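Here is how the chains run, residue by residue.
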Amino acid sequence: MALPKRIIKETERLVAEPVPGISAVPHEDNLRYFDVRIHGPASSPYEGGIFKLELFLPEDYPMTPPKIRFLTKIYHPNIDKLGRICLDVLKSNWSPALQIRTILLSIQALLGAPNPDDPLANDVAQHWKENVTAAIETAKEWTHKYATDTAT
Amino acid sequence: MDRISIEIVRRRTTAGDTPTQLDEELHWRHMIGNLGNKLGHSRVLYGGFLLSAYTMAELGELRYDSELSFKSLSTSGDHFEVQDRTLLARIKETIQNEMECQVCWGLMLDPLTTTCGHSFCRRCVARLLDHANSCPLCRKQLSIRPGATEEPSNQRLRALLESLIPDAVLARAEVVEIEESTTSDRGRVPLFVCGLSYPETPTFLHVFEPRYRLMIRRAMSGDRKFGMVAYNGRGEVQGDLGITQFMQCGTLLHIESMQLLPDGRSVIQTKGVSRFRILDHEMLDAYYVGKTERIDDIPIAAEEALEAAEISRFTTQASDPGSPNRLLSAMSTAELMQLCADFIERMKGASASWLASNFLQAYGDMPNDPAVFPYWFASVLPISEAEKYRLLPTTSVRERLKITAGWVRKVQGMSLGGMAPSANDDDSDHNEENDSQEMPDVTESTDRANLPTNGPSALT
């Protein structure tokens, strides 16, 4: 089946008018599967890091949300060890009027504003609540260790 | 509209020196009773007819129902026409972009406006309702009935689209028509992956998954047909298709009646039309669509030849023609049918639970047509799905009756104290050249497991 018009248009616009600090490139052999890179927002513990994610548009997209997961390890109270993201617009608050672009912006914003009160990674959230400074320090270390060019 | 005024302003700065004399011609209502202001406004403006008219309206000198007469004062001739044409093209483009549905990102098709004031294609609203009941743009609850068939279209939007960009509207409608039409006569069949159905036999379905709501809605607006295929629960290879989620052979169903529930679920009653084999498949909006070929029975002459050939070949080996263990292949098609019919009679006499009145109410009484009888039998007899599936690829009545007669033998064998029922006819059937339908051992064990649960006492 040919790709729905909407997915083609979204992909074209993502390429033509890219969002600063975000890139999303579809796989050649599967145009529903995107390699995503998000730059850590300035003045966040993730600044300087480039985070890889995978994004998949299910068959009934945009009626159901895209499936997104962090591939780069990240220390964040709303992102768990498997890279799964706790974000309302990816679950119950999804709307077909949202799009890849807005979703990736929301994820970038989530990096800038961790929310330990709605945690996915309990241990990280606990750390964040008990000692913000130390937690942020760990997040910075992880960013440096896993999300920079020098990362192995 | 904002975008149009932006476009106008942008155009105004480039408007050349093409003066136009504009005279407002008032509607007759304004001519009477308002003696002080009988005359319309009159002005010389620049930028072609469209732009100057817009400017005049903006200045408040052009009433909504007034006519306007133009007279070019340009010395160079028709320069303004070029300007008008370019501006009109730009406005059309702007409107086309503005009229994009926020769900499908295509031109709004049959636009429908919600009570919260947002407009989408009618078909997109219907799909939204399959999943949620809120507006995608503002999340306000929608009060639109499932299917969105009763809501009026937004006539103003529709008129605007159809008068300003009729070609684009037509093109969009055609694309959607091609994308969504899966009419069975073109061999493209939408597939409902669920269970087994048979020709001439009813199937009742409760449709609740969003993708199947959409599929059934599309079928209802088309030829009311869709294909039913069973789950390939054991992950068996399906011919050239490889391992698919569904079995390769299925039944085309016609929707006889549909009851739409208020929450969008529906209960449908269907009747089997014909059998098909899937040659290829793809996804359409989360459900499968198969490229299919029809499976038909061989002509009657060929059927008779097959019968004669088999009987002559197997009668030589057969023992006593009156023996209950007589080879099925040595029996005439009529005898096979009789064997099954006798069995049904006996089971009725024994008040078998699978022949209870509620089953017969749904599937009807036993049909006497040997071509149809096996389908009816499969619908009521509690045996494994794998065994029943064997009926679908058959190409002769005889082949089907042999399968069903085999079931009868098996059930009888079991009720005679659990003897291995396959010892007699199934083994001898292996001698046949065309024995692709051989039953794997697993099937048999499923059979025995299935049978008693569906009414062991009735099988005595």
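- Per an unreviewed UniProt entry, chain A goes by E2 ubiquitin-conjugating enzyme and derives from Gomphillus americanus.
- What UniProt records for chain A under Sequence similarities (unreviewed entry) is the sentence "Belongs to the ubiquitin-conjugating enzyme family."

## Let's talk about the overall build of chain B
Then step 1. When its secondary structure is counted, chain B shows 16 helices and eleven strands.
Then step 2. Put simply, chain B has 460 residues, and 47% of those count as buried.
Then step 3. A separation threshold of at least 6 residues defines the contact pool for chain B, and within that pool the share at least 24 residues apart is 64%.
Then step 4. Approximately 23000 Å² of chain B is accessible, and the part contributed by carbon and sulfur atoms is 53%.

## Notes on the sheet that holds strand β1 (residues 20-25) of chain B
All names here are of chain B.
Then step 1. Across the sheet, which stays open at both edges, the three strands sit in the order β2-β1-β3 with antiparallel pairing between neighbours. Single-partner strands in this sheet number two, and they are β2 (42-45) and β3 (67-72). Direction aside, the axes of adjacent strands within the sheet are offset by 25 degrees on average.
Then step 2. One ladder, built from six bridges, connects β1 with β3; its direction is antiparallel. Of the residues in β3, the one forming a bridge with threonine 20 is serine 72.

## Here's the deal with unusual backbone geometry
Then step 1. Across the junction of A:Tyr61 and A:Pro62, the peptide omega takes the value 5 degrees, indicating a cis bond.
Then step 2. For A:Pro62, the position within the fold is in the loop between β3 (50-56) and β4 (67-70).
Then step 3. Look at B:Asp285: it is not a glycine, yet its phi comes out positive at around 45 degrees.
Then step 4. As for its placement among the helices and strands, B:Asp285 is situated in the loop between β10 (266-284) and β11 (287-295).

## With respect to the UniProt feature "active site" (unreviewed entry) in chain A
Residues and elements named next belong to chain A.
Then step 1. Mapped onto this numbering, the UniProt entry gives "active site" (unreviewed entry) at Cys86.
Then step 2. You can see cysteine 86 is positioned in the loop between β4 and α2 (100-112).
Then step 3. Setting aside its immediate chain neighbours within four residues, cysteine 86 contacts Asn78, Lys91, Leu110, Asp118 and Leu120.

## Let's talk about the domain arrangement of chain B
All names here are of chain B.
Then step 1. Under the domain assignment used here, chain B contains domain 1 (2-98), domain 2 (111-182), domain 3 (189-295) and domain 4 (310-459).
Then step 2. If you look at the interface, domain 3 gives 19 residues, while domain 4 gives 19 residues.
Then step 3. With both sides pooled, the region where domain 3 packs onto domain 4 buries about 1400 Å², and carbon together with sulfur makes up 64% of that total.
Then step 4. Three residues, Leu196, Tyr198 and Arg275, lead the burial of domain 3 against domain 4; their summed loss comes to 39% of the area buried on that side.
Then step 5. If you look at where domain 3 meets domain 4, you find zero salt bridges.
Then step 6. At the surface where domain 3 touches domain 4, the tally comes to five residue pairs in polar contact (both at pLDDT 80 or more).
Then step 7. Put simply, the parts of the chain that give the side of domain 3 that touches domain 4 at least two residues each are β7 (202-207), β9 (249-260) and β10.
Then step 8. Take the side of domain 3 that touches domain 4: its biggest share by element is three residues, from β9.
Then step 9. In terms of residue class, the side of domain 3 that touches domain 4 is made up of eight nonpolar, seven polar and four charged.

## Some remarks on the interface of chain A and chain B
Then step 1. Counting from both sides, the interface comprises 19 residues of chain A and, opposite them, 20 residues of chain B.
Then step 2. Linking chain A to chain B there are two salt bridges.
Then step 3. The salt bridge partner of B:Glu100 is A:Arg13, with a shortest N-O separation of 3.2 Å.
Then step 4. Applying the counting rule to chain A against chain B returns six residue pairs in polar contact (both at pLDDT 80 or more).

The rules behind the values
Numbers given for residues are sequential positions, taken from 1 along each chain in its written order. Here every chain gets a letter starting at A, and every ligand a number starting at 1, in the order they are written. Local features in a predicted model are, by the rule used here, given only for residues with pLDDT of at least 70; side-chain atom pairs are given and counted only at 80 or more, and totals for whole chains, interfaces and linings are based on all residues. Think of the side-chain values as coming from all heavy atoms in the structure, minus any hydrogens and water. UniProt positions are given in the numbering used here, feature names are shortened, and annotations may be inferred rather than shown by experiment. The secondary structure listing takes helices from DSSP runs of H or I that are at least 4 residues long and strands from runs of E that are at least 2 residues long, numbered from the N terminus. Exposure classes here rest on a 1.4 Å probe applied to the protein chains alone. A residue is buried below 20% of its type maximum, exposed above 50%, and partly exposed in between. Any two residues whose heavy atoms approach within 4.5 Å are treated as being in contact. Surface accessibility follows the Shrake-Rupley procedure with a 1.4 Å probe radius. Residue values consider only the protein chains on display as shielding. By definition, two strands form a pair when at least two bridges between them are found by DSSP. A fitted line through C-alpha atoms serves as each axis, taken over the contacting stretch for helices, and the angle formed by two N-to-C directions is quoted from 0 to 180°. Note that the domain bounds reflect an automated or database-derived domain assignment. Two parts placed together each lose some accessible area under a 1.4 Å probe, and adding up what both lose gives the buried area. Only one rule defines a salt bridge in this text: a Lys or Arg side-chain nitrogen within 4 Å of an Asp or Glu carboxyl oxygen. Polar contact is defined as a pair of N or O atoms within 3.5 Å, subject to the rule that within protein one atom must be able to donate a hydrogen and the other to accept it, and that residues adjacent in sequence are counted only when both atoms are side-chain atoms. Residues are grouped as follows: Ala, Val, Leu, Ile, Met, Phe, Trp, Tyr, Cys and Pro are nonpolar; Asp, Glu, Lys and Arg are charged; all remaining types, including Gly, are polar.

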